[in-house]
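So the chains spell out like this:
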There are 2 protein chains.
Amino acid sequence: MPSHSNPTITTIAESAGVSIASVSRVLNGLPVRDATERKVLAAAQSLGYVPNSVARSLKSSRTNQVAFAIEDIGNPVYLAMLREIQPVLKQAGYRLVLHSTGADLDEELEVLRGLGQRYADGLIISPIRVTPEHLAELERATAPVVVIGSLPDGSPVDNVRADSRTGVEMALRHLRDLGRRRIGFVNGPLDTVPGRSRDAAFRAGMRRWGMVLDEDLVHVGAFRRRTGAEATRALLAGDAAAHPDALLCANDLIALGALDVLRERGLRVPEEVAVVGMDDTDLAAASWPALTSVSLGSAERGRRAAQLLLDRLADPGSGREPRVVTVEPSLHVRASTGGDRVADDGAAPR
Amino acid sequence: MPSHSNPTITTIAESAGVSIASVSRVLNGLPVRDATERKVLAAAQSLGYVPNSVARSLKSSRTNQVAFAIEDIGNPVYLAMLREIQPVLKQAGYRLVLHSTGADLDEELEVLRGLGQRYADGLIISPIRVTPEHLAELERATAPVVVIGSLPDGSPVDNVRADSRTGVEMALRHLRDLGRRRIGFVNGPLDTVPGRSRDAAFRAGMRRWGMVLDEDLVHVGAFRRRTGAEATRALLAGDAAAHPDALLCANDLIALGALDVLRERGLRVPEEVAVVGMDDTDLAAASWPALTSVSLGSAERGRRAAQLLLDRLADPGSGREPRVVTVEPSLHVRASTGGDRVADDGAAPR
DNA sequence: TTGTAGGCGTTATCAC
DNA sequence: GTGATAACGCCTACAA
């Protein structure tokens, strides 16, 4: 039965009748006489020795931890990132420290500053908004940081971006090819990174494919189901001739709300109104009709971010140029725009 | 501009012209002469000093970290736990280390053993299966552990349980009250904790409410959408008189698969077949018809587990009896059994 | 009030 | 090959 207090190399050294240096050597596989090795291993075994990672970290100044900071893990987009990041880090021998900051900018900055405490060797962060304070903290960060989300050119850290512009273009082109011309757009808040970029993408995309943008068909609310419902009600309020024949929703939750109201009004989807969501979360496949959705590649963004960070960590000779990676979007066509009616198998088994 | 190498209390001491002890005292708010305090704070400020948490941990033998280990964060049940655990720990000043073990029992045991490395002050774990090895490791754990999921009586650690028995009873009673008698059951693997307990709960529940259990209406597969679809097809294969008039599905994903096939066959839900899921995930509200689902209180289980652990951590005088907490289930009635047709707002905004 | 010194558990550099 | 011994950065008796 192993003793209950924690054995250290000193304990083992005494027990085995050697010096702590020899114990350390054995435990680290350095050359040692056979007999010594045996004695040490036997003692370690019988005492139930486990190396203390904190002491190791102090000596090596490496924690073997990487932090990942996001606004809310409940958001499927961040969850998708996390699911990719986790195994990549584990594979490389790093533990994952998870920070969920809430919609609080200060907490986000706090995480950035917290790096100075050296509890982690690096950080992956997907900021809600990028303020000058963010850039200042990134500048002075004492450990490698990778940012998921767009950063101004010339920013000092590695950066993994989505391409919502192209993603929205794909969706609009799909709708145009289906003969739709009166495209409604339901967005989240314009003072968030995704809200603003999706708004810009919608405007650019409409122009790109030569469609007329009717401001009456553009609604802004929250990234929630309720917004989708309310906006859709509003869009269906006036003259039928003015109704949209397609809706682009800035995320899947909004699209679900839109579907609720279309169903309630007896409008057929996609025959009368086609609906497209964004982010391609599990909800898209769960809804009925299943939702066509633009994927901005969250999973891949997570994976790429983790790889960039590991790369930095592996190469101590830093000073390299910050790298920018842009992940390709993709369009997943399902029943809500007339695509495949066979449901795909959801992602998360139990 | 702060120097780029890391200032330590030694650096500050030199810069301020005092001893490291004084620096430490100032930083920890111990009584110091005013002038000293000023000098030290000024030096710390201008050098951009941040205390090194590793060194602190080595000295204090507290890491201010808590580990949370689950099979897969993609599983909404574990995600719900995580979402509750995280803020509770943060509030108490602990960082969260996340382990996703995959379906691998060895990795799970590895996490338990890893506690010996002292990288965390405590652990919350929700094991896939509880083997004798698990119990042995729990016995010798060097830090407080809380297990989410049932443990044999007399196990040495705190334990937060679901009550699937009562949850299933609620669902079956609901179906019986709707006049349903031929209840089908679609389950996941029987060699998993949830699979086994849900099977037992179904059998007990049918007995409890005086309904006849027809083994032909019981199907076992995976906890996936495909299983729901396949089982439902099989259940609808024979004589119409033998078809079930209600389906209890062991999780929401299975229920979605059942809905797919019922829709494909033109069977009305709930009029011809009522459907109930389990776990009450976001998918339940997203589906159409929205899914009635049994919640086993994952969120609350997470919260309670975190509280139990904090409790242990706060009270160094340990040796207290292990505590067992059982969380009440609840039934969320929606359209798939004739409940409210108004969709609720999904959980995760963006 | 302040400084010196020892120790938390490891690793690594010396001599022997 | 092995054993003292000095760090790593911090806290804290103890002595001044």
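Residues numbered from 1 in each chain as written. Chains lettered and ligands numbered in written order. Predicted model: local features only at pLDDT ≥ 70, side-chain atom pairs only at ≥ 80, totals over all residues. Heavy atoms only, no water.

An unreviewed UniProt entry lists chain A under the name LacI family transcriptional regulator, with Spinactinospora alkalitolerans as the source organism.

Novice: Whenever I open this one, empty space enclosed by the protein confuses me. Can you help?
Specialist: Rolled over the atoms, a probe sized like a water molecule indicates the empty space that remains. As enumerated under the stated definition, the model contains five cavities of 30 Å³ or more in all. Considering only enclosed or pocket space, the largest cavity measures out at about 150 Å³ in volume. Considering the residues around the largest cavity, the lining is formed by 16 residues, among which Val54, Ser57 and Gln65 of chain A together with Val54 and Gln65 of chain B are closest to the centre. Mapped onto the lining of the largest cavity, the elements with two or more residues apiece are helix H4 (53-60) of chain A together with helix H4 (53-60) of chain B. (1 Å grid on protein atoms, 1.4 Å probe; cavity = no way out; pocket = protein on both sides within 12 Å on 5 of 7 lines; lining within 4 Å. Points joined across faces, edges and corners; volume = space filled by probe spheres on them. Helix = DSSP H or I, 4+ residues; strand = E, 2+ residues; numbered from the N terminus.)

Novice: Just to check I follow, could you spell out the UniProt feature "domain: HTH lacI-type" (unreviewed entry) in chain A for this structure?
Specialist: Using the residue numbers shown here, the UniProt feature "domain: HTH lacI-type" (unreviewed entry) corresponds to residues 7-60 of chain A. Secondary structure across residues 7-60 of chain A comprises 70% helix and 0% strand; the distance between its end C-alpha atoms is 21 Å. (UniProt positions renumbered as here; feature names shortened; annotations may be inferred.)

Novice: What should I look at first to understand the domain arrangement of chain A in this one?
Specialist: In many reports, interface size means the accessible area that the parts give up when they come together. Taken domain by domain, chain A comprises domain 1 (9-50), domain 2 (61-162 + 297-329) and domain 3 (164-295). Computed from C-alpha atoms alone, the centre-to-centre distance between domain 1 of chain A and domain 3 of chain A is 66 Å. (Domains from an automatic or database assignment.)

Novice: How should I be thinking about the pattern of salt bridges in this particular structure?
Specialist: Should their charged atoms come close, side chains of opposite charge can pair. In total, this model carries 48 salt bridges over all chains according to the counting rule given. A salt bridge links Glu107 of chain B to Lys90 of chain A, with the shortest nitrogen-to-oxygen separation between them at 2.6 Å. Of this pair, Glu107 of chain B sits in helix H6 (residues 105-114) while Lys90 of chain A is found in helix H5 (residues 76-91), placing the two residues in two different chains. Residue Glu107 of chain B is classed as partly exposed on the basis of its relative accessible area of 29%. (Salt bridge = Lys/Arg side-chain N within 4 Å of Asp/Glu carboxyl O. Buried < 20%, exposed > 50% of the residue type's maximum accessible area, 1.4 Å probe, protein only.)

Novice: What is the right way to read the sheet that holds strand E5 (residues 158-161) of chain B from this model?
Specialist: By way of backbone hydrogen bonds, the strands of a sheet pair with one another, either parallel or antiparallel. Strand order in this open sheet of twelve strands is E11(A)-E5(A)-E4(A)-E3(A)-E1(A)-E2(A)-E2(B)-E1(B)-E3(B)-E4(B)-E5(B)-E11(B), and the pairing throughout is mixed. The open sheet has two edge strands, strand E11 (324-326) of chain A together with strand E11 (324-326) of chain B, and neither has a second partner. Neighbour-to-neighbour, the strand axes of the sheet open up by a mean angle of 20°, direction not taken into account. Sheet topology note: the strand E1 (residues 65-70) of chain A/strand E3 (residues 122-125) of chain A ladder contains four bridges and is parallel. Its bridge partner being in E3 of chain A, Ala67 of chain A is matched across the sheet by Leu123 of chain A. Along the sheet face, helix H6 (residues 105-114) of chain A touches E1, strand E2 (95-100) and E3 of chain A and points at about 160° away from the line of E3 of chain A. (Pairing = 2+ DSSP bridges. Axes fitted to C-alpha atoms, helices over the stretch in contact; angles between N-to-C directions. Contact = heavy atoms within 4.5 Å.)

Novice: Help me understand the packing of aromatic side chains in this model?
Specialist: Any pair of aromatic rings gets described here by the distance separating the centres and the angle formed by the planes. The tally for this structure, following the rule as stated, stands at two aromatic pairs over all chains. The interplanar angle of 15° and the centroid separation of 4.4 Å between the aromatic rings of Phe185 of chain B and Phe202 of chain B together place this pair among those described as stacked. Within this pair, whereas Phe185 of chain B is found in strand E6 (residues 183-187), its partner Phe202 of chain B is found in helix H9 (residues 193-208), the two being separated by 17 residues in sequence. Like Phe185 of chain B, the residue Phe202 of chain B is buried in the burial classification. If you follow Arg208 of chain B out to its NZ or CZ, it ends over the ring of Trp209 of chain B, 4.3 Å from the centre. The side chain of Arg263 of chain B reaches across the aromatic face of Trp288 of chain A, ending 3.7 Å from its centre. (Phe/Tyr/Trp six-rings, centres within 6.5 Å; stacked < 30°, edge-to-face > 60°. Lys NZ or Arg CZ within 6 Å of the ring centre and 35° of its normal.)

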